[in-house]
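Here are the chains, one letter per residue:
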Amino acid sequence: MTKPIIEIKNLSAGYDGRNVLHDINLAVYERDFLGIIGPNGCGKTTLLQILAGLLVPSSGEVWIDGKNMKQVPADKRESSMVFQEPALFDHLRVCENILYGLNSRDEALQKDLLSISEKLRIQPLLDKRAYALSGGQKQRVSMARALVRKPRIFLMDEPLQSLDEQLKSDLRLMIADLYQKSDATFLYVTHDQKEAMTLGERMFLMNEGKIVQSGTPQELYKQPESLFAAAFMDKYRLNIFSGRMNGVCFVPEMDAPLLGAVRSEHIHVIHPADPYDLVMQGYIRLVEELGSGAVLHVETQGRTVVIHAETEQHQRGEPITFGFHQKHIMLFDQRGNRIHKESISF
C-alpha cells in the first residue's frame, strides 16, 4: 500500500482551558483531495493550523513524508495555507502580495506568477492595489500566493465562506481544475456539505473535536454511521420519526424506542391511493421556492416534515398527502447510533 504523505497520530489540542481536539488519527496520501467537514467549533481549523505548524498540539504527533514535525517550524514545511479571510497587504500591488517574502527578481518565479495568475484569471489585476479588489478577487490572490510557492501540501481553511453563491461556484470550479493540474495534496476544511461533496475525493466528518466517520462523499451520504452524520450530510433537513418495528417494517409511533430518518428527496407529495409503504397527511406551513421545485415544510401529527417537491405549485395552508418507502428509512437508537434492520431480532 502507498505510504501516507501525512500521518496524524493520537493528536489532542486545547487552549483557554478547553479541549478542542481529542485523539485524532488520520492518514492522507499523495495527491489526495481530502475534505475535512463538520459544524462550526468542531476543531477543523485547529487541526489545519497544527498541520501548518501555526499551533502546537497538547499531545500526539504529526508526520509529513516520514518525518516528525515536532521541531519543524511552519516556514520549513512543504505546505501553504489559504485562510477564511484573505490576509493581503492593502497598500501593496497584487503581484507584490503574491510574491511577498520571495525573490521577486527571479525569472522562473516571474514565469510562475504569470502562469498561476492566468489560471486564476487575475492577470489583469497584477498591478492593482489590494484594497481595490472585490472579495472574490482577493481570495484568488490569496490562492495564487499559496500556489506560487509550489507546496506539496495545500491547506485550505473555508476559503469560500464569505463569498456569494455565484462566486463560490466559480471558485469551486477553479479549485477543482487546480487540483487536476497539480501534483499537490489538498486538505480542504469546510462546514458546507455541498462544497465537501463537490470537491473531496475522501471526507473526514468531525464533531466535538473527534472524527466520527470517514469515507467517500457518497459513503457518508448513503451510509451514515450515526444520526449526527445523517443529519449533517443532508441537503435540507433530515426528517426524524420515533417508531417501532413491526416485523421488518418501521411504524411511526410517538415516544417509541427507535428513530427512523428519511431524507427530504425520498418523501413525495402523492394521491391518497398511490402505492407507498407509509402514507401521511398534513398541511403546508411554508413553501421555499427554488426556481425548479420547492422545499415544503409540512405540519403533521405535531411535527414538521420537510419535503423536496418537484413542482412549485403549492400554497401555504394547503392540505397535502405525502408518502415514502421502507427502503429509504435509516434506523437509529435513542443515542443516535445506526441500527441495521438485519441486526434486529423479531
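These remarks concern the structure in this document. (Residues numbered from 1 in each chain as written. Predicted model: local features only at pLDDT ≥ 70, side-chain atom pairs only at ≥ 80, totals over all residues. Heavy atoms only, no water.)

1. Concerning the overall build of the chain
The criterion, for reference: Where helices and strands are cited, they refer to DSSP runs of H or I of at least four residues and of E of at least two residues respectively, numbered from the N terminus. Three exposure classes are used, based on accessible area relative to the maximum for each residue type with a 1.4 Å probe and protein chains only: buried under 20%, partly exposed in between, and exposed over 50%. The method behind every accessible area is Shrake-Rupley, applied with a 1.4 Å probe, and residues are considered shielded solely by the protein chains displayed.
Counting its secondary structure elements, the chain contains eight helices and 20 strands. With the C-alpha coordinates of the chain rotated into their principal frame, the extents come out at 75 × 45 × 40 Å. Expressed as a percentage of the 346 residues in the chain, the buried residues total 47%. Surface summary for the chain: the accessible area is close to 17800 Å², and the carbon and sulfur share equals 48%.

2. Observations concerning the side chain of His314
Going by this rule: N or O atoms closer than or at 3.5 Å make up a polar contact, with two conditions inside protein: a donor-capable atom paired with an acceptor-capable one, and, for residues adjacent in sequence, both atoms drawn from side chains.
Along the chain, His314 turns up in the loop between β17 (303-309) and β18 (319-324). In this structure His314 comes out as buried when scored by relative accessible area, which is 9%. Only 3.4 Å separates the side chain of His314 from the side chain of Glu318, close enough to count as a polar contact.

3. Regarding the sheet that holds strand β5 (residues 67-68)
Let me state the cut-off plainly: Strands are treated as partners if at least two bridges between them are detected by DSSP.
In space, the four strands of this open sheet follow the order β2-β1-β4-β5, with antiparallel pairing throughout. Edge positions in the sheet fall to β2 (18-28) and β5, since each has one partner strand and no second. Direction of pairing for strand β1 (residues 6-15) relative to β2: antiparallel, over a ladder of seven bridges. For Tyr15, the partnering residue across the bridge sits in β2 and is Arg18.

4. Structural notes on the sheet that holds strand β12 (residues 249-252)
Strand order across the open sheet formed by five strands is β12-β11-β13-β19-β20, with antiparallel pairing between neighbours. This sheet does not close on itself; its edge strands, each paired only once, are β12 and β20 (338-339). Relative to strand β13 (residues 258-262), strand β11 (residues 239-246) runs antiparallel, the two being bridged by five bridges. Bridge pairing in β13 links Asn239 to Val262.

5. Concerning the side chain of Ser264
Cut-off, in case you're wondering: A contact between two residues is defined here by any heavy atoms of the two lying within 4.5 Å.
The residue Ser264 is located in the loop between β13 and β14 (268-270) in this model. With relative accessibility at 0%, the residue Ser264 sits in the buried group. Dropping the residues within four chain positions of it, Ser264 is found in contact with Asp234, Tyr236, Asn239, Val306, Ile307 and His308.

6. What about the pairing of strand β8 (residues 185-190)?
Side-chain direction in a regular strand flips from residue to residue, so the side chains alternate between the two faces of the sheet. For β8, a buried count of six out of six residues is recorded, marking the element as mostly surrounded by other parts of the structure. Of the two faces of β8, both are covered, the one formed by Thr185, Leu187 and Val189 as well as the one formed by Phe186, Tyr188 and Thr190. Pairing of strand β3 (residues 33-37) with β8 involves five bridges; the strand directions are parallel. Residue pairing across strands places Leu34 opposite Leu187, the latter belonging to β8.

7. Some thoughts on the pattern of salt bridges
To keep things clear, this is the line we draw: Here a salt bridge means any side-chain nitrogen of Lys or Arg lying within 4 Å of a carboxyl oxygen belonging to Asp or Glu.
Within the structure shown, the criterion is met by eleven salt bridges. With a shortest N-O distance of 3.0 Å, Glu30 and Arg152 are connected by a salt bridge. Linking Glu30 in the loop between β2 and β3 with Arg152 in the loop between α4 (135-147) and β7 (153-157), this pair joins segments that are 122 residues apart in sequence. Close ionic contact of Glu96 with Arg93 constitutes a salt bridge, the shortest N to O distance being 3.4 Å. For Glu96, a relative accessible area of 30% puts it in the partly exposed group.

8. So, α4
Quick note on the threshold: Between the first and last residue of a helix there are one fewer steps than residues, each counted as 1.5 Å, and that sum is the expected span.
With 13 residues, α4 ought to run about 18 Å at 1.5 Å a step, and its terminal C-alpha atoms sit 19 Å apart, in line with that. For α4, the buried fraction is high: ten of the 13 residues fall into the buried class.

Keep in mind these numbers describe shape, not what the thing actually does.
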